Amino acid sequence: MSRLQSTFENLRAEGRAAFVTFVTAGDPDQKTAQDLLNGLPAAGADIIELGMPFTDPSADGPAIDKAAQRALASGASMDRTLELVAAFRKDGHETPIVLMGYFNPIYAYGIDRFVTDAEAAGVDGLIVVDLPPEEDEELRLPANAHGIDLIRLATPTSDDTRLETIVNGASGFIYYVAVAGVTGGKSATADDIGAAVKRIKAHTDLPVAVGFGIKTPEQAKAVAHVADGAVVGSAIVSMIENGLDAIGKPEAGLVKKILGFVNALASGVHAAQK
Amino acid sequence: MAVNSFTTGPDDKGHFGIYGGRYVSETLMPLVKNVEKEYRTAMKDPSFLAELDELNRVFIGRPNPLYHAERLSDHLGGAKIYFKREELNHTGAHKINHAIGQVLLAKRMGKTRVIAETGAGQHGVATATVAARFGLECTVFMGAVDIERQKPNVFRMKLLGAEVQPVTSGSATLKDAMNEALRDWVTNVDDTFYIIGTVAGPHPYPMMVRDFQSIIGRETKQQILELEGRLPDTLVACVGGGSNALGLFYPFLDDRDVAAIAVEAAGHGVGTDQHAASIAGGKPGVLHGNRTYLLQDADGQITEAHSISAGLDYPGIGPEHVWLHEQERVSYVSATDDEALEAFQTCCRLEGIIPALESSHALAHILKIAPDLPKDHIIVMNMSGRGDKDIFTVADALGVEL
């Protein structure tokens, strides 16, 4: 059984939802990113999405866009993203890691080489936001062959016909994008999210995690009531932006402060019994 | 693989060979597929086509002339050079051709708002113009750097009632404006139509923009047959994203004796890191909804393009161009900033036409090849836009204070 599968099964047995965090690889620098990543499991993250920085993140809002630019300015690359994951595993963590980003850096790295190296580093899944089902076969099949799930996205614009296309070939979980928009924008109501999750579940047995617009422990808790996972990204990433000094160096105690916020979010999610 | 025809693409998923496609976020997929469906229906609807024809005639001023550039031809002493006068269109460039077509589609789909990205401002002006004509709300995304170097067009868009949204992310030029337009579109899927300004983006845009621009080549074909009784020997056009080039070339692609040359912007030289020549200096990648050649580093990060011409300052090119390049049907060459500036001035003095800096790249290549060609060799160049918008940039480059 894959790490993603066993995580969701264990949580289901406990009657609670997964708390999914997003951080950008190499933001604001490799060492801080590593410290943050390694601290996330103890702070309560059940699954970690690790952003692969890209110059042109056209599906992301300003918070994650700036995080990618900061990471690239400090020397982030696909090699270094995979190094973060490998070091995280070497540190003894079993928390599933899903790499999230855009197709071009993967394509440039070489798909076969990428899935081989990602598996070796300990990557569990991929979310590639500009690779819809119609175009994802060239990555999905090699990734699956290396035990890596390609996570499909469903959105408020997905009707029942579209949902069939989305779930056909999906594995790991379904990521429900709760609002039509970019990351870090508006929030959907828990009622709307609940209805959408129910509709998706009519098409698949895969767990459904929900992201976009979840910023507070209260919102995370509300989503955790109606879904199998709640994803928080921009709100965490914004704390990095706000915790840098004039020359872009992280202030003392920044990692601890962020992990404290992550812990508060996790407590919200974990308090939500289903 | 040899092909029987160069005009059968794209396939039903929008691919030209391995290029093109539909690489957008899931939220946009239903909308983009619907644009394709509506487009295909519209193009079979006689009333849609009749309205398009009528607007081409009375609003854009088509057909525009095919003009013998006599003094330039004499000056170069070789080939006989014609200009297809797209710069005489309403709004001063070819961009209005696809803006009209797309706004009619937006209206047909019941959209109340249009958005666009723009580099030189020509596509933004064209979009603002058609939005005003049809009473649609309009937001144009434009890089802050481009706003600075294209002030007259910014003001024109505002006069036309459009909101011009400055984009400061990334290199603050055309590619960043396109990112921002995509972000807006995904946020406003219900009421907004994205009028893309070139033969790029997710399927059906490369095909749709090409089809609307092909009127350039269709008119040219008819006009040259009337004037010369035969087809031209060589077609020349500048290429950034590639809409004016494909518009001119497309109706000639299966006339294999007609050579087609597309001129990329070489900036400070394709050997430097300051150019916008995706065919010469790029490699396959995925950006802005399609697979195509992109300027990028070894890690797949998009690098900044450079050209004196804001309209060519983009690190990619339309996917059909890449296919035509790999099929060796169209030749891709380049011209530097300096060569374009020289051609710009030559055209002003010899023909009384101020060409856009974009079109000046095509002209720069003609200055290189025409002298060595025989007098009966006919070249048609796409004068894709007028250069009034560029006089500040040119003055600056020549060290003249206005």
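Residues numbered from 1 in each chain as written. Chains lettered and ligands numbered in written order. Predicted model: local features only at pLDDT ≥ 70, side-chain atom pairs only at ≥ 80, totals over all residues. Heavy atoms only, no water.

*Asks:* Lay out the overall build of chain B in plain terms, naming residues and giving numbers.
*Replies:* Looking only at helices and strands, chain B features 16 helices and 14 strands. When its C-alpha atoms are laid out on the principal axes, chain B stretches across 55 × 50 × 45 Å. For chain B, with 402 residues in total, the buried portion stands at 65%. For chain B, contacts bridging at least 24 residues in sequence account for 74% of all contacts bridging at least 6. If you sum the accessible surface of chain B, you get close to 13600 Å²; carbon and sulfur atoms cover 51% of it. Computed over 37 positive and 52 negative side-chain charges, the inter-centroid distance for chain B is 5 Å. (Helix = DSSP H or I, 4+ residues; strand = E, 2+ residues; numbered from the N terminus. Buried < 20%, exposed > 50% of the residue type's maximum accessible area, 1.4 Å probe, protein only. Contact = heavy atoms within 4.5 Å. Areas by Shrake-Rupley, 256 points an atom, 1.4 Å probe, with all protein chains shown as cover. Lys, Arg positive; Asp, Glu negative; His and termini not counted. Charge placed at Lys NZ, Arg CZ, Asp CG, Glu CD.)

*Asks:* Which residues make up the interface of chain B and chain A, and what values go with them?
*Replies:* The interface of chain B with chain A comprises 34 residues on the first partner and 37 residues on the second. Contact between chain B and chain A buries roughly 2800 Å² in total, counting both sides, with carbon and sulfur atoms accounting for 49%. Counting every contact that joins chain B to chain A gives 5 salt bridges. Between A:Asp65 and B:Arg183 there is a salt bridge, with the nearest N and O atoms lying 3.7 Å from each other. One can count 20 residue pairs in polar contact (both at pLDDT 80 or more) joining chain B with chain A. Mapped onto the side of chain B that touches chain A, the elements with two or more residues apiece are strand S2 (19-23), helix H1 (29-42), helix H8 (174-187), strand S11 (283-287) and strand S12 (289-294) of chain B. Sorting elements by how many residues they give to the side of chain B that touches chain A places H8(B) first, with 7 residues. Partitioning the side of chain B that touches chain A into residue classes produces 14 nonpolar, 11 polar and 9 charged. (Buried area = accessible area lost by both parts, 1.4 Å probe. Salt bridge = Lys/Arg side-chain N within 4 Å of Asp/Glu carboxyl O. Polar contact = N/O pair within 3.5 Å; in protein donor to acceptor, adjacent residues only side chain to side chain. Nonpolar A, V, L, I, M, F, W, Y, C, P; charged D, E, K, R; others polar.)

*Asks:* Got a sec to walk through the environment of A:Ile174? Specific residues and values, please.
*Replies:* All names here are of chain A. As for its position among the elements, Ile174 is in strand S7 (residues 174-177). Looking at Ile174, the relative accessible area reads 0%, which means it is buried. Each C-alpha atom, one on Ile174 and one on Ala209, is 6.2 Å from the other, the two residues being 35 residues apart in sequence. Residues within four places of Ile174 in sequence aside, it is in contact with Arg152, Ala154, Ile166, Val167, Ile200, Thr204, Leu206, Pro207, Val208 and Ala209.

*Asks:* So what's going on with the UniProt feature "modified residue: N6-(pyridoxal phosphate)lysine" (unreviewed entry) in chain B? Residues and values would help.
*Replies:* In the numbering used here, UniProt assigns the feature "modified residue: N6-(pyridoxal phosphate)lysine" (unreviewed entry) to B:Lys95. Locating B:Lys95 in the fold gives a position in helix H4 (residues 95-108). (UniProt positions renumbered as here; feature names shortened; annotations may be inferred.)

*Asks:* Residue-level account of the environment of A:Gly122, with values.
*Replies:* All names here are of chain A. With respect to the secondary-structure elements, Gly122 resides in the loop between helix H6 (111-121) and strand S4 (125-128). Gly122 sits 25 residues away from Ile97 along the chain, and the two C-alpha atoms are 7.6 Å apart. Apart from the residues within four sequence positions on either side, Gly122 is in contact with Arg3, Val85 and Arg89.

*Asks:* Would you mind going over the pattern of salt bridges in detail, with residue names and values included?
*Replies:* All names here are of chain A. Counted by the stated rule, this structure contains 44 salt bridges over all chains. Between Asp228 and Lys201 there is a salt bridge whose closest N-O contact spans 2.6 Å. Of this pair, Asp228 sits in the loop between helix H10 (217-226) and strand S9 (229-232) while Lys201 sits in helix H9 (residues 190-201), and the two are 27 residues apart along the sequence. Residue Asp228 is classed as buried on the basis of its relative accessible area, which comes to 12%. What emerges from the salt-bridge pattern is a single network uniting Arg3, Arg89, Glu94 and Asp124.

*Asks:* Kindly report on the nonpolar core, identifying the contributing residues and their values.
*Replies:* It is characteristic of soluble globular proteins that their nonpolar side chains tend to be buried jointly. Residues A:Tyr175, B:Leu28, B:Trp185, B:Phe193 and B:Tyr194 are the most contacted members of the largest nonpolar core, which totals 87 residues. Apart from the residues lying within four places of it in its own chain, the contact partners of B:Trp185 are B:Leu28, B:Leu31, B:Val32, B:Ile115, B:Thr192, B:Phe193, B:Tyr194 and B:Tyr205. Judged by nonpolar contacts, the second largest core, of 75 residues, contains A:Phe88, A:Ile148, A:Ala170 and A:Ala266. (Core = buried A, V, L, I, M, F, W, Y, C linked by side-chain atoms within 4.5 Å.)

*Asks:* Report on the confidence of the model for chain B, specifying residues and quantitative values.
*Replies:* Residues with a pLDDT of 70 or more make up 100% of chain B, whose mean pLDDT is 96. Of the two predicted TM-score estimates for the complex, the pTM is 0.96 and the ipTM is 0.96. (pLDDT = per-residue confidence, 0-100.)

*Asks:* Requested: an account of the UniProt feature "domain: Tryptophan synthase beta chain-like PALP" (unreviewed entry) in chain B, with residues and values cited.
*Replies:* Sequence positions flagged by UniProt for "domain: Tryptophan synthase beta chain-like PALP" (unreviewed entry) are, in local numbering, residues 62-385 of chain B. Helix makes up 41% of residues 62-385 of chain B and strand 21%, with an end-to-end C-alpha separation of 14 Å.

*Asks:* Give me the lowdown on the UniProt feature "active site" (unreviewed entry) in chain A, citing residues and values where you can.
*Replies:* Sites flagged by UniProt as "active site" (unreviewed entry) map to A:Glu49 and A:Asp60. As for the annotated residues named above, the ones lining the largest cavity are A:Glu49 and A:Asp60. Assessed through its relative accessible area of 1%, A:Glu49 is described here as buried. Excluding residues within four positions of it along the chain, A:Glu49 makes contact with A:Val20, A:Thr21, A:Phe22, A:Val23, A:Val98, A:Met100, A:Ile127, A:Tyr175 and A:Val231. Inspection of the secondary structure puts A:Asp60 in the loop between strand S2 (47-51) and helix H3 (62-73). Beyond its immediate stretch of four places on either side in the chain, A:Asp60 contacts A:Asp65, A:Tyr102, A:Val182, A:Thr183 and B:Arg183. (1 Å grid on protein atoms, 1.4 Å probe; cavity = no way out; pocket = protein on both sides within 12 Å on 5 of 7 lines; lining within 4 Å.)

*Asks:* Quick rundown of unusual backbone geometry? Include the residues and the values.
*Replies:* Note the cis peptide between B:Gly9 and B:Pro10, where omega equals 0 degrees. Tracing the backbone through its elements, the reader meets B:Pro10 in the segment before strand S1 (15-16). The amide bond that connects B:Arg62 to the next residue, B:Pro63, takes the cis arrangement and shows omega of -5 degrees. Position of B:Pro63 relative to the elements: it lies in the loop between helix H2 (46-60) and strand S3 (66-68). The phi angle at A:Phe212 is positive, at roughly 85 degrees, despite the residue not being glycine. The backbone of B:His288 shows a phi angle near 55 degrees, a positive value even though the residue is not glycine. Within the fold, B:His288 resides in the loop between S11 and S12. The class for B:His288 is buried, based on a relative accessible area of 5%.

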